[in-house]
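# A look at the structure
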Amino acid sequence: MNLIQQILRAALFLVLAFFGLVMAFVFMASTALAIGVLYIVARLKGRPFGVKAYWAERRRPNMPPGAWSRGAGQPARERDVTDIEMREIP
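Residues numbered from 1 in each chain as written. Predicted model: local features only at pLDDT ≥ 70, side-chain atom pairs only at ≥ 80, totals over all residues. Heavy atoms only, no water.

### Overview of the overall build of the chain
- Across its full length, the chain holds 2 helices and 0 strands.
- Of all 90 residues assigned to the chain, the portion counted as buried reaches 2%.
- Summing over all exposed atoms, the chain offers an accessible surface of approximately 9,400 Å²; the carbon and sulfur share of this is 67%. (Helix = DSSP H or I, 4+ residues; strand = E, 2+ residues; numbered from the N terminus. Buried < 20%, exposed > 50% of the residue type's maximum accessible area, 1.4 Å probe, protein only. Areas by Shrake-Rupley, 256 points an atom, 1.4 Å probe, with all protein chains shown as cover.)

Shown next, in the form of structure tokens:
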């Protein structure tokens, strides 16, 4: 009885290990495919491909500084800013 349980456990372990290897291979293949697509797109657009170029592009601001603030033309001292407004609840 103990021998049958050990054989079944070993078989189950091998099946799970095989599926794990298949999933790891699929993940690596999809990652390689994605990197290949990014490389081709970068080459077509004439940009360098690499981590440094990617983060330099991501850090570049799309809007001018202060475009989101309401009083961008006024100094900080002249703007009326209210963070919290206290009220009493009856």
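### Here we look at the layout of surface pockets
- Within this model, the largest pocket holds a volume of roughly 360 Å³.
- What lines the largest pocket is a set of 13 residues, and nearest its centre among them are A42, P48, F49, Y54 and E57.
- Every element with two or more residues in the lining of the largest pocket is listed here: α1 (2-45) and α2 (51-59).
- For the lining of the largest pocket, the element with the most residues is α2, which contributes 6 residues. (1 Å grid on protein atoms, 1.4 Å probe; cavity = no way out; pocket = protein on both sides within 12 Å on 5 of 7 lines; lining within 4 Å. Points joined across faces, edges and corners; volume = space filled by probe spheres on them.)

### Comments concerning a nonpolar patch on the surface
- A surface patch of nonpolar side chains, amounting to about 600 Å² of accessible area, comprises V15, F18, F19, V22, F25 and V26.
- Structurally, F19 is set in helix α1.
- What makes F19 partly exposed here is its relative accessible area of 49%. (Patch = residues over 30% accessible without salt bridge, like charges linked within 9 Å, V, L, I, M, F, W, Y side chains within 5 Å. Salt bridge = Lys/Arg side-chain N within 4 Å of Asp/Glu carboxyl O.)

### As for α1
- Compared with an ideal rise of 1.5 Å per residue, which puts 44 residues at 64 Å, α1 spans 64 Å between its outermost C-alpha atoms and is within 8% of the ideal.
- Burial analysis of α1 places just 1 of its 44 residues in the buried class, which makes it a mostly uncovered element.
- Remark: G46 follows α1 within two positions and exhibits a positive phi of approximately 80 degrees. (Expected span 1.5 Å × (residues − 1).)

### Brief notes about the packing of aromatic side chains
- Across all of its chains, the model carries 2 aromatic pairs by this definition.
- Ring centres 5.6 Å apart and planes at 90 degrees place the aromatic pair Y39 and F49 in the edge-to-face group. Of this pair, Y39 sits in helix α1 while F49 sits in the loop between α1 and α2; the two residues are 10 residues apart in sequence, bridging distant segments of the chain.
- Its relative accessible area of 38% is what places Y39 among the partly exposed residues. (Phe/Tyr/Trp six-rings, centres within 6.5 Å; stacked < 30°, edge-to-face > 60°.)

### A word on the environment of Y54
- By secondary structure assignment, the location of Y54 is in helix α2.
- Here the alpha-carbon distance between Y54 and A42, two residues 12 residues apart in the chain, equals 10.0 Å.

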